[in-house]
Amino acid sequence: MNKVFKYSIVAVSSSILSFSATGQTQPLAKQMATTVMEIWKDSLNLDPANPKRVKWAYDQGVILEGIDGLWRRTGDGEYFKYMQKSMDFFVTKDGDIERYKQSDYNIDNVKNGRSLLTLYKVTGQKKYFKAATILWEQLKQHPRTKEGGFWHKKIYPWQMWLDGLYMGQPFYAEYAALIKEDKAFDDIANQFIWMEKNSRDARTGLLYHGWDESKTEAWADKTTGKSPNFWGRAMGWYGMAMVDVLENFPQNHPKRKEILNILNRFAQAVQKVQDPKTGLWYDVLDKPTAKGNYLEASASSMFVYAVAKAVRNGWLPSAYFAVADRGYKGIQKEFIESNGPGKVNLKGTVAVSGLGGKPYRDGSYEYYISEKVITNDPKGVGAFLLAANEMEIAAQPKPGKGKTVTLDSYFNNETKKDQSEHEISWHYKWEERANGGFSFWGDQFLNSGFDIKTLYQAPTLANLKNTSVYIIVDPDFEKENPRPNFITETDIKQITEWVKAGGVLVLMGNDAPNVELKHFNELAQHFGVFFNGDSKGTVPVASNFETAKVVVPVGNEIFKPKDLFIKEYSSLKLSGNAKSVLKDADGDHVMSVTKYGKGTVYVIGDPWLYNEYVDGRKIPANYKNFEAGQELVNWLAKQVHTKK
């Protein structure tokens, strides 16, 4: 099945993307992250004098997901190092989680599992998967209501809180997708369905903070079991839970539509209680004029994130983006303040609100407004990072609007066993976050407005009909795949006809020991290009990056001047209409472009934009492969033939 990612395009004013009291201008997400990494250098609330006091806390997971989003969007490896350092404070070399106790059955403790899965997917280190599996085991044994909903905590029996959906379900969905546990998605969908059924107010569409199935709690309505008020952050958690779950929820699952329907009802209710003057939301959502109520930063950030992300992915109508846009502008005006050059603070987050416990929290309006409001609370900061990432993505130019880029997985279809012994396709795949994946480049296409798709069949005019850019990378030979699909004359005819009609073709080879070149060259030669099969840019010593440096000169038609890292590539021999667009220090052709009919063909002898060389974790910062990847995306978008 082809995997298609939807992207709704909206316009955002660039004036809302930076904040400066010093004359310096940087994206707000970056400024907030700088503050985060200064306040919490090692792990959340770490006290060097008494390190045992630090907790395995869900707050940290919210921050780290914001940091992860910023890393994926910038290619700055310092963000990844921060994530890894933060989790390594808890995860032992054997994959245990220190300061975590499964028998507490606290749904909050599952939240950080998503950061563990990120670390596992990127590094392949089994300790992170083992640690995540401990949290998966908690969910398998977690106590439930009679209906099947997860209790919020063992100490809060028979209760479901809106918060708990965010703490548990996005991890549940991501882990289930990773191990291919398809039956879990019925359960995941049901958690949202039951929560809405039991806590939604029919008049406003808002959801009460909690629901007690036993109806015995003092805060619970004796008839319905609902808590008395609509707390802003609780609704925010619930909205974020839906958009994060949908990332990993199967497209063809029958209950996916039910989650989308709940999301749309949620958005309608949230829009109705948005403050018309500021664009923000109150701590208690439906009582804006009640004495003591106030505009609250974490809930406002969560609503901006959930709505903007849902619009970006086509889960909400594009008109809803105005809700997020007003909210984000309000956050900047009301809650953001300078914290020195390149840093900002987030004011206005309520530290905590809950139900029951000791001292007892009765869920009354008076209770909610009595809780302390602080600056740089991690829950608010994490939510703001997520919101800022989304809004900064929305503000990027969208040259790929209405266009689809399709990645071949027919000629390049290496397989391996995953951690669960499933056979999976890997190596240069959009969804692959490890070194050899294209997840960073895929995000650049998405953030530029493209839809991205994978083609697992032989290319034909029919299945390339709606594709604007078709990418073939590193075709297999027998060493990599015992049954490789070689490029045939039939394939060549289909591809060349597609290009002639206006398609944009990208061919990425490799050095001879790592690619099938005989048949690949038969295709490339139709466009005046021949892969020489040599191996240039070898790095004999791991730290000697200079041997793989290729310099982009002034005046290049695709890239701004910069140093690129291109390792072990095949040089090109050009003829006919093929022209060189980059040469190495020896004068050999590294990249070429051919105009062919109404179409364009870009060729390079290496898959050079895979994660290892764009994600900032390995190569020195003076090599600008990440920036070049974005420039190539922009250039490819411009080559797409516009039908008149």
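All values derive from a computational prediction rather than experimental measurement.

Conventions and cut-offs
- Residues numbered from 1 in each chain as written.
- Predicted model: local features only at pLDDT ≥ 70, side-chain atom pairs only at ≥ 80, totals over all residues.
- Heavy atoms only, no water.
- Helix = DSSP H or I, 4+ residues; strand = E, 2+ residues; numbered from the N terminus.
- Buried < 20%, exposed > 50% of the residue type's maximum accessible area, 1.4 Å probe, protein only.
- Contact = heavy atoms within 4.5 Å.
- Areas by Shrake-Rupley, 256 points an atom, 1.4 Å probe, with all protein chains shown as cover.
- Core = buried A, V, L, I, M, F, W, Y, C linked by side-chain atoms within 4.5 Å.
- Axes fitted to C-alpha atoms, helices over the stretch in contact; angles between N-to-C directions.
- Nonpolar A, V, L, I, M, F, W, Y, C, P; charged D, E, K, R; others polar.
- Expected span 1.5 Å × (residues − 1).
- Pairing = 2+ DSSP bridges.
- Salt bridge = Lys/Arg side-chain N within 4 Å of Asp/Glu carboxyl O.
- Parallel < 35°, antiparallel > 145°, perpendicular 65-115°, else oblique.
- Left-handed = near helix turned anticlockwise from the far one by under 90°.
- Phe/Tyr/Trp six-rings, centres within 6.5 Å; stacked < 30°, edge-to-face > 60°.
- Lys NZ or Arg CZ within 6 Å of the ring centre and 35° of its normal.
- Polar contact = N/O pair within 3.5 Å; in protein donor to acceptor, adjacent residues only side chain to side chain.
- pLDDT = per-residue confidence, 0-100.

A. Molecular detail of the overall build of the chain. In terms of helices and strands, the chain carries 17 helices and 19 strands. The dimensions of the chain, computed from C-alpha atoms along their principal axes, are 80 × 55 × 55 Å. Counting across all 644 residues of the chain, residues that qualify as buried make up 61%. Partitioning the contacts of the chain with sequence separation of at least 6, the portion at a separation of at least 24 is 71%. Of the roughly 25000 Å² of accessible surface on the chain, 50% is carried by carbon and sulfur atoms.

B. Molecular detail of the environment of Ala637. Among the secondary structure elements, Ala637 is positioned in helix α17 (residues 625–639). C-alpha of Ala637 to C-alpha of Ser468: the two residues are 169 residues apart in sequence and 8.3 Å apart in space. With sequence-adjacent residues up to four places away left out, Ala637 is seen in contact with Pro399, Gly400, Lys403 and Phe450.

C. Highlighting the nonpolar core. Within the largest apolar cluster, 183 residues are counted, with the highest numbers of intra-cluster contacts made by Met591 and Trp608. Once you skip the residues sitting within four places of it in the chain, Trp608 turns out to touch Met508, Phe559, Leu564, Ile566, Met591, Tyr602, Tyr613, Asn625, Ala628 and Leu632. With 25 residues, the next largest nonpolar core counts Tyr470, Ala524, Phe531 and Ala578 among its residues.

D. Quick look at the packing of helix α2 (residues 58–74) against helix α4 (residues 113–123). Closest axis-to-axis distance for the α2/α4 pair is 9 Å, and the angle between their directions is 35°. Where α2 abuts α4, its residues Gly61, Leu64, Glu65, Asp68 and Trp71 lie against Arg114, Ser115, Thr118 and Val122. Looking at the contact of α2 with α4 residue by residue, the classes come out as three nonpolar, three polar and three charged.

E. Fine view of helix α1 (residues 28–39). An ideal rise of 1.5 Å per residue puts 16 Å on 12 residues; α1 measures up with 17 Å between its terminal C-alpha atoms. Turning to α1, its buried residues are Leu28, Ala29, Gln31, Met32, Ala33, Thr35 and Val36. Buried residues belonging to α1 abut α2, α3 (77–88), α11 (321–334), β3 (336–338), β4 (344–346) and α13 (378–395).

F. Region of the structure containing the pairing of strand β18 (residues 589–596). The buried fraction of β18 amounts to six of the eight residues, a majority that puts the element mostly inside the structure. Inspection of the sheet shows strand β17 (residues 579–583) paired to β18 by four bridges, in the antiparallel sense. Bridge pairing in β18 places Leu582 opposite Met591. Counted between consecutive antiparallel strands, the loop separating β17 from β18 contains five residues, among which Gly587 sits at a positive phi close to 85°. Bridging between β18 and strand β19 (residues 599–604) involves six bridges; their strand directions are antiparallel.

G. Region of interest: the side chain of Gln191. Among the structural elements, Gln191 can be located in helix α7 (residues 184–199). Accessibility expressed as a relative area gives 1% for Gln191, which makes it buried. Discounting chain neighbours no more than four positions away, the residues touching Gln191 are Arg144, Gly148, Gly149, Phe150, Met160, Leu165 and Gln169.

H. The arrangement of unusual backbone geometry in detail. Pro359 follows Lys358 through a cis peptide bond whose omega is -5°. Looking at the element boundaries, Pro359 is found in the loop between β5 (349–350) and α12 (365–370). In this structure, Lys215 is a non-glycine residue whose phi angle is positive, near 60°. Positionally, Lys215 belongs in the loop between β2 (210–212) and α8 (232–246). In this structure Lys215 comes out as partly exposed when scored by relative accessible area, which is 29%. With phi around 65°, Glu421 is a residue other than glycine that occupies positive phi space. Structurally, Glu421 can be placed in the loop between β8 (415–417) and β9 (423–425).

I. Layout of the pattern of salt bridges. Tallied over the full model, the rule gives 40 salt bridges. Salt-bridge contacts for Arg200 lead to Glu196; the nearest nitrogen and oxygen are separated by 3.8 Å. Exposure remark for Arg200: the relative accessible area of 26% places this residue in the partly exposed category. Glu196 sits in the buried class, given a relative accessible area of 11%.

J. The packing of helix α6 (residues 162–179) against α8, seen in detail. Their axes nearest at 7 Å, the elements α6 and α8 cross at an angle of 15°. With respect to their mutual orientation, α6 and α8 come out roughly parallel. As α6 runs across α8, the sense of the crossing is left-handed. Contact with α6, carried on its side by Leu162, Asp163, Leu165, Tyr166, Met167, Gln169, Pro170 and Ala173, involves Ala234, Met235, Trp237, Tyr238, Met240, Ala241, Asp244 and Val245 of α8 and no other residues of that element.

K. Just the packing of aromatic side chains, in detail. Applying the stated criterion across every chain yields a total of 41 aromatic pairs. A cation over an aromatic ring shows up here: Lys416 above the ring of Trp426, its NZ or CZ 4.5 Å from the ring centre. Just above the ring of Phe530 sits the side chain of Lys573; from NZ or CZ to the centre is 5.2 Å.

L. How the structure looks around the environment of Lys598. Inspection of the secondary structure assignment puts Lys598 in the loop between β18 and β19. Taking relative accessible area as the criterion, Lys598 reaches 54% and is therefore assigned exposed. Separated by 97 residues in sequence, Lys598 and Ala501 have C-alpha atoms that sit 5.5 Å apart. Excluding its chain neighbours within four sequence positions, the residues that come into contact with Lys598 are Val499, Lys500, Ala501, Gly502 and His641.

M. Focus on the pairing of strand β14 (residues 549–552). Side chains of β14 alternate between two faces, with Val550 and Val552 buried and Lys549 and Val551 left unburied. Relative to strand β15 (residues 562–565), β14 runs antiparallel, the two sharing four bridges. From the neighbouring strand, Lys549 faces β15, where its bridge partner is Phe565.

N. Spotlight on α4. α4 sits mainly inside the fold: nine of its 11 residues count as buried. If you check which residues of α4 are buried, you get Gly113, Arg114, Ser115, Leu116, Leu117, Thr118, Leu119, Tyr120 and Val122. For α4, the elements touching its buried residues are α2, α3, α5 (126–141), α6 and α8. In the stretch just after α4, Gly124 is the one whose phi turns positive, near 75°.

O. Spatial organisation of the side chain of His152. One can find His152 in the loop between α5 and β1 (159–161). Contact partners of His152, with chain neighbours within four places excluded, come to Tyr105, Asn106, Ile107, Asp108, His142, Gln159, Trp161, Asp163 and Gly164.

P. Structural view of the environment of Lys536. Examined against the element boundaries, Lys536 turns out to sit in the loop between β13 (529–531) and β14. Taking the C-alpha atoms as reference, Lys536 lies 66 Å from Asn229; in sequence the two are 307 residues apart. Apart from residues no more than four positions distant in its own chain, Lys536 is found in contact with Lys567, Glu568, Tyr569, Ser571, Asp584, Asp586 and Asp588. Polar contacts involving the side chain of Lys536 include one to the side chain of Asp586, which spans 2.7 Å.

Q. Spatial organisation of the confidence of the model for the chain. For the chain, the average pLDDT comes to 94, and 95% of its residues sit at 70 or higher. Confidence drops under a pLDDT of 50 for residues 1–17, and excluding neighbours within four residues, the segment shows 58 contacts in the predicted structure. A low-confidence stretch, residues 19–24 (pLDDT under 50), is modelled with 13 contacts involving residues beyond four sequence positions or located in other chains.

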